[in-house]
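Examination of the molecular architecture
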Amino acid sequence: MIVLGMESSAHTFGVGIVDDGEMLANEKAMYKIGTTGMIPGEVARFHAENAADVLGNALKKAGITPKEIEGVGYTMGPGLGPCLEVAELSAKTIAKKLEIPIVPVNHCAAHAEIARHFGKLSDPIMLYVSGGNSQILALEEKPHLHYSVLGETFDIGVGNMLDSFARKLKLKPAWGSSVEKHSQGGRYIELPYTVKGMDFSFTGLATRATELIGKEKVSDLCFSIQETAFSALCEATERAMLLKNKREIGICGGVAQNRKLKKMLKAMGEEHNARLGFAPDEFNADNGGMVAYLAERMIRSGIRSRLEDCGIRQRYRVDTARLG
Ligand code: FE2
């Protein structure tokens, strides 16, 4: 079944095409964030201007014509309202014109499911780490297939925390990978560490690290902020894994591109005979491929939405999203 997926929840406009789970295309255009961060209206305009080209590129890459598309999915949320609307309206137009099924997809579930697919994971504890989100997820079968949230950030996502710290250090974008690069050779400085059960918090850490800018070496600060935040994520993930008696760990979302975090999770897993799995970096960043992949699975399981029920939900929680 050929299914097209569209993503525009934040700075990326992405179009993916799958055929029976096989990724035929994963094309994108990314808005370049300046020092002011993202202004939703401006980013949405960027998406609208690039939508037709990205869609055309995806069809060309997949080697299909629009008429061969059998279903369409789009990111319903969570995300920035004006941005989400671009994929929503594009997907609705395609579904109406081609008279094919349409399904709204939860962005976080799409990240988790593409990691489960590429990481060859059946029933993992999934650490979802991105700019706006940081959660520990587990698959539940009842009353229908969905992810439950076992732990999450009390305040900001680990990605946004690292990005804003990097901006204060005046590092170059992409900020997350800049922090990782500058952490090389750093030594550990003690910073606030907050884990409560399986939840965690990063604002105290960010505030203290920011206070130390100019007083400590950049490499020491980058090393220590990563070490502290990632240790908190590993501790909470380990607790969730033991509680749920799982033997697989998944990591997904933009921060899953960080090699240090993956190394720390892998080492933690090895102590419990648990394997770590993840998707290639292209699918950890926001992308349309993951939306297409989950949309195909949802359509195959019989999930359908009426066009008039397809909207956006800026605060669409993953634990309310039905996957099958
Ligand atoms: Fe994302």
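Residues numbered from 1 in each chain as written. Predicted model: local features only at pLDDT ≥ 70, side-chain atom pairs only at ≥ 80, totals over all residues. Heavy atoms only, no water.

The domains assigned to the protein chain are domain 1 (2-109 + 283-320) and domain 2 (123-278). Averaged C-alpha coordinates put domain 1 and domain 2 at centres separated by 27 Å. Counting residues at the interface gives 13 residues for domain 1 and 18 residues for domain 2. Here domain 1 and domain 2 share an interface that buries about 1,100 Å² over both sides, 55% of which is from carbon and sulfur atoms. The largest contributions to the domain 1 side of the interface with domain 2 come from Cys108, Asn284 and Val318, which together make up 47% of the buried area. Between the two partners, domain 1 and domain 2, sit one salt bridge. The greatest single-element share of the side of domain 1 that touches domain 2, amounting to three residues, is contributed by helix 3 (residues 107-118). (Domains from an automatic or database assignment. Contact = heavy atoms within 4.5 Å. Buried area = accessible area lost by both parts, 1.4 Å probe. Salt bridge = Lys/Arg side-chain N within 4 Å of Asp/Glu carboxyl O. Helix = DSSP H or I, 4+ residues; strand = E, 2+ residues; numbered from the N terminus.)

Before going further, it helps to spend a moment on the sheet that holds strand 1 (residues 2-7). Strand order in the open sheet made by the five strands is 3-2-1-4-5, with mixed pairing throughout. The open sheet terminates on both sides in strands that have one partner only, identified here as strand 3 (22-30) and strand 5 (102-106). Each neighbouring strand pair of the sheet contributes to a mean axis angle of 20°, computed without reference to strand direction. Bridge count for strand 1 against strand 2 (residues 12-19) is six bridges, and the pairing is antiparallel. Residue pairing for strand 2: Ile2 is matched across the bridge by Asp19. Contacting strand 1, strand 2, strand 4 (71-77) and strand 5, helix 2 (residues 81-98) crosses the sheet at an angle of about 160° to strand 4. The strands that helix 3 touches are strand 1, strand 3, strand 4 and strand 5; relative to strand 5, the one it contacts most, it runs at about 85°. (Pairing = 2+ DSSP bridges. Axes fitted to C-alpha atoms, helices over the stretch in contact; angles between N-to-C directions.)

Time to look at the sheet that holds strand 8 (residues 146-152). Read from one edge to the other, the open sheet built from five strands follows the order 8-7-6-11-12, with strand pairing classed as mixed. Every other strand in the sheet has two partners, leaving strand 8 and strand 12 (275-278) as the edge strands with one partner each. Adjacent strand axes in the sheet meet at a mean angle of 30° when their direction is disregarded. The pairing of strand 6 (residues 125-129) with strand 7 (residues 134-140) spans five bridges and is classified as antiparallel. Residue pairing across strands places Ile125 opposite Ala138, the latter belonging to strand 7. Strands strand 6, strand 7, strand 8, strand 11 (248-252) and strand 12 of the sheet are contacted by helix 3, whose axis makes an angle of about 125° with strand 6.

Here we take up unusual backbone geometry. With omega at -5°, the peptide bond leading from Gly77 into Pro78 counts as cis. Lys142 connects to Pro143 through a cis peptide bond whose omega is 0°. Take Pro143: it is sitting in the loop between strand 7 and strand 8. Its identity as a non-glycine residue notwithstanding, Lys120 has a phi of 50°, on the positive side. If you trace the backbone, Lys120 turns up in the loop between helix 3 and strand 6. Even without being glycine, Asn245 reaches a positive phi, approximately 55°. Judged by relative accessible area, which is 59%, Asn245 ranks as exposed. (Buried < 20%, exposed > 50% of the residue type's maximum accessible area, 1.4 Å probe, protein only.)

What follows is about the pairing of strand 11. Counting buried positions along strand 11 gives five out of five residues, so the element sits mostly inside the fold. Side chains of strand 11 alternate between two faces, with Glu248, Gly250 and Cys252 and Ile249 and Ile251 buried alike. In terms of strand pairing, strand 6 meets strand 11 through four bridges, oriented parallel. Each residue of the ladder has a partner; that of Leu127, found in strand 11, is Ile251. Where strand 11 and strand 12 come together, four bridges link them in parallel fashion. Each residue of the ladder has a partner; that of Ile251, found in strand 12, is Phe278. For the handedness criterion, the β-α-β arrangement of strand 11, helix 8 (residues 259-270) and strand 12 is classed as right-handed. (Right-handed = clockwise from strand over helix to strand, strands pointing away.)

Donor atoms from the polypeptide that coordinate the iron ion comprise His107 (NE2), His111 (NE2) and Asp286 (OD), at 2.1 to 2.2 Å from the metal. Between consecutive donors of the iron ion, the numbers of intervening residues give the motif H-x3-H-x174-D. Highlighted residues: His111 in helix 3 and Asp286 in the loop between helix 9 (281-284) and helix 10 (288-300), separated in sequence by 175 residues. Assessed through its relative accessible area of 1%, His111 is described here as buried. A relative accessible area of 13% places Asp286 in the buried class. (Donors = N, O, S within 2.8 Å, 3.2 Å for Na, K, Ca; no water.)

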